[in-house]
Amino acid sequence: MPILIPILQGLRLFENLPAAHLRELSQVMNERRVERREVVIKRGDRDAGLGFLIEGRLQTVDFTLDGREVGIDFVEERDFFGELAVIDHQPAPEYVIAVAPSRVAMLDRERARELMFSTPETSAAVALRLAQRMRRSARQRAVLALPSSFQRVCAQLLLMTQQPSGGPVTIQLAPTHQEIAIMVNTSRETVTRTLQFLQTLKVVARAGQSLVVNQPQTLQEAADGKLVPRK
């Protein structure tokens with residue numbers, strides 16, 4: 001089933017495309033619904049193309065030599081993914097897995113490459129996405145360098161926060177404890193204990209599928225090692 005043009009217009013890479021181009025894309029792209037933990041792109045895939053997240057949440061992951069899952073990044077709604085393999089014609093460098101029931105759309109590699117460089121606006125959007133990815137990667141390495149698991153969990157929570165204009169600081173579609181654990185090289189039990197401690201202090205609170213950060217400064221102090229849980 002072709003994707004409706006209003007849906008395409010809501011995706012970050014398509015915001016400034018002419019209507020004629022959107023009509024063409026709507027005929028060659030199909031929406032796919034994926035369940036939680038379903039693989040969207042496999043590492044090593046040579047034909048995955050460029051993906052777009054319409055709704056839900058995805059996580060990019062890889063595996064160590066001993067089979068341990070390592071979280072790399074999250075893909076948020078309206079964003080695109082798989083761009084590295086499209087740009088350099090190499091196999092996909094990582095797995096992309098749904099961490100919530102999601103709606104995705106894929107564009108084949110050749111059309112995706114043509115789209116990326118078709119206008120200055122799309123080229124700029126791709127460059128911006130790559131820059132953001134590099135910055136997030138640098139911040140993630142800084143998180144992994146923190147000395148304690150407690151600090152790493154708190155720092156990871158800070159990285160995931162958003163603050164809509166005039167709204168509270170939140171973590172939308174908060175990842176599971178296990179998904180946070182693989183991002184910061186710790187156990188699910190450690191993440192659970194950390195969140196329980198933060199909730200006891202009312203630093204964070206559950207709100208449906210999201211986490212509300214009531215005390216961002218306190219969370220920052222915890223990430224900096226100035227606040228530690230009681231033994």
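Every residue gets a number counted from 1 within its own chain, in the order that chain's sequence is written. Where totals are concerned, whole chains, interfaces and linings use all residues; where local detail is concerned, this predicted model gives features only for residues with pLDDT of at least 70, and gives and counts side-chain atom pairs only at 80 or more. The basis for every side-chain value is the complete set of non-hydrogen atoms in the structure, without hydrogens or water.

Engineer: Explanation requested: helix 8 (residues 188–200) in the structure shown.
Structural biologist: Three or four residues apart is the spacing at which side chains of an α-helix point the same way, because the helix has 3.6 residues per turn. Here a strand is any run of E in DSSP of at least two residues, a helix any run of H or I of at least four, and the numbering for each starts at the N terminus. To estimate the expected span of a helix, count its residues, drop one, and scale the result by 1.5 Å. The end-to-end C-alpha separation of helix 8 is 18 Å, in line with the 18 Å expected for 13 residues at 1.5 Å each. When we look at burial in helix 8, the residues that qualify are T190, V191, T192, T194, L195, F197 and L198. Residue contacts are counted whenever heavy atoms from the two residues lie within 4.5 Å of one another. Of the surrounding elements, those touching the buried residues of helix 8 are helix 6 (149–159), helix 7 (177–184), strand 10 (204–207), strand 11 (210–213) and helix 9 (216–223). Once helix 8 finishes, K202 follows within two positions and takes phi at roughly 65 degrees, a positive value. With a 1.4 Å probe rolled over the protein chains alone, any residue whose accessible area is under 20% of its type maximum counts as buried; one over 50% counts as exposed, and the rest are partly exposed.

Engineer: Explain the nonpolar core to me, please; I cannot follow it from the model alone.
Structural biologist: One recurring pattern in soluble globular proteins is that nonpolar side chains are buried together. Buried Ala, Val, Leu, Ile, Met, Phe, Trp, Tyr and Cys residues form a nonpolar core when they are joined through side-chain atoms within 4.5 Å. Core analysis: the largest hydrophobic core is formed by 26 residues, its most contacted members being C154, L157, L198, V204, L211 and L219. Every element with two or more residues in this core is listed here: helix 6, helix 7, helix 8, strand 11 and helix 9. Contacts of L157, omitting those with residues within four sequence positions, involve I171, I180, L195, L198, L211 and L219.

Engineer: Hey, could you run me through the pattern of salt bridges in this one?
Structural biologist: Should the charged atoms of two oppositely charged side chains come close, the side chains can pair. By convention in these notes, a salt bridge is any Lys or Arg side-chain nitrogen within 4 Å of a carboxyl oxygen on Asp or Glu. Following the criterion strictly, the structure yields 16 salt bridges and no others. Between R36 and E179 there is a salt bridge, and its shortest N-O distance comes to 3.3 Å. With a gap of 143 residues between them, R36 in the loop between strand 1 (30–34) and strand 2 (39–41) and E179 in helix 7 connect regions that are remote in the sequence. A salt bridge links R129 to D79, with the shortest nitrogen-to-oxygen separation between them at 3.2 Å. Taken as a pair, R129 in helix 5 (residues 120–144) and D79 in the loop between strand 5 (69–75) and strand 6 (80–81) lie far apart in primary sequence, 50 residues in all. The burial state of R129 is the same as that of D79; both residues are buried. Look at the salt bridges and you will find they share partners, linking E31, R33, E55 and R103 into a network.

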